[in-house]
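Descriptive analysis of the structure
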Amino acid sequence: MPYTSAAPVVSQYGDALAGKIIIDISNAFDPARTGLVTPDGSSAAQQTAKAAPAGAHEVKAFNTLFGHVLAADRAEGRPLDVFIAGDDAGAKARVSSFIESLALRPLDAGGLKMAHWLEGAGLLMVAPLGEAVNGHDFWLGINTLR
Ligand SMILES: NC(=O)c1ccc[n+]([C@@H]2O[C@H](COP(=O)([O-])OP(=O)(O)OC[C@H]3O[C@@H](n4cnc5c(N)ncnc54)[C@H](OP(=O)(O)O)[C@@H]3O)[C@@H](O)[C@H]2O)c1
């Protein structure tokens, strides 16, 4: 769901999310795609985590992988990379297993505060640079070559 819906929905479910993993896939940029709408230095994932009950684990994942890139398999046979960020090692391990079950490759970017930079990368992919490189279909993806 979009960033603007995430915290209200997490609040709505409240304690039912205790012990659950919340995967934030959102990219929270402005309509002109010139900046992030989240508070300076924070991220959509961190903002949504504030609405979660104690014991829920927020993990950022998938926001640098666009749906049509995934569908088109443009990485020429290499597994597409899914960057993740989160503060709970167990939650990240479970999300990584899920990602691998999709024949994708999880790459751990660090703690949840790294979600800010992953969301910045998401913005880069749809900002004018992305369009300049890829045309309006923005086929740009972020993948390692190892
Ligand atoms: N599309 C991509 O390639 C891509 C890439 C990276 C990240 N993302 C992120 O993925 C998220 C979804 O993107 P999308 O392209 O799939 O958007 P989308 O096609 O507009 O779908 C949004 C979904 O969120 C649901 N939703 C919205 N508000 C809700 C609420 N209050 N309660 C329950 N469900 C709600 C909608 O349900 P209804 O249809 O029932 O309204 C819909 O299924 C966004 O955060 C986006 O930034 C997308």
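Residues numbered from 1 in each chain as written. Predicted model: local features only at pLDDT ≥ 70, side-chain atom pairs only at ≥ 80, totals over all residues.

What to know about the site of the ligand
Quick note on the threshold: Residues are classed as near a molecule or strand if the C-beta position derived from their backbone is within 6 Å of it. Only Asp, Glu, Lys and Arg are considered charged, only Ala, Val, Leu, Ile, Met, Phe, Trp, Tyr, Cys and Pro nonpolar, and every remaining residue, Gly among them, polar.
Surveying the vicinity of the ligand reveals the residues Met1, Pro2, Tyr3, Ser5, Val9, Ile25, Ser26, Asn27, Asn63, Phe66 and Gly67. Across the shell around the ligand, the residue classes break down as six nonpolar, five polar and no charged.

Considering helix α1 (residues 3–13)
An α-helix turns once per 3.6 residues; consequently, residues spaced three or four apart project the same way. So the rule is basically this: To assign burial, the other C-beta atoms lying within 10 Å of each residue's own C-beta are counted, with C-beta atoms placed from the backbone; 20 or more indicates buried, 12 or fewer indicates exposed, and intermediate counts indicate partly exposed. Secondary structure elements follow DSSP: runs of H or I of four or more residues count as helices, runs of E of two or more count as strands, with numbering from the N terminus. Here the arc refers to the directions that run from the helix axis out to each C-beta atom. Contact between two residues is assigned when their C-beta atoms, built from the backbone, lie within 7 Å.
Considered for burial, the residues of α1 that qualify are Tyr3, Ala6 and Val10. Each buried residue of α1 sits inside an arc of 25° when the element is viewed along its axis, so together they form one side. Looking at α1, the residues exposed on the side facing more than 90 degrees away from the buried face are Thr4, Ser5, Pro8 and Gln12. Check the buried side of α1 and you find it contacts β1 (21–24) and α2 (44–50). Just past α1, the residue glycine 14 takes up positive phi, approximately 50°.

Digging into the nonpolar core
Buried together is how nonpolar side chains tend to be arranged in soluble globular proteins. How we decide: A set of buried Ala, Val, Leu, Ile, Met, Phe, Trp, Tyr and Cys residues, joined through C-beta atoms within 7 Å, is what we mean by a nonpolar core.
Ranked by internal contacts, the top residues of the largest apolar core, which has 29 residues, are Ala61, Val82, Ile84, Ala85 and Val95. At four residues, the largest contribution of residues to this core is made by strand β3 (residues 81–86). If near-sequence neighbours (up to four positions away) are discounted, alanine 61 is found in contact with Ile23, Ile25, Val82, Ile84, Val95 and Ile99.

Thoughts on the environment of leucine 70
Along the polypeptide, leucine 70 turns up in helix α3 (residues 67–72). Residue class for leucine 70 comes out partly exposed when judged on the 16 C-beta atoms lying within 10 Å of it. Beyond its immediate sequence surroundings of up to four residues, leucine 70 is in contact with Leu65 and Leu80.

Limitation: the analysis is restricted to geometry and does not speak to function.
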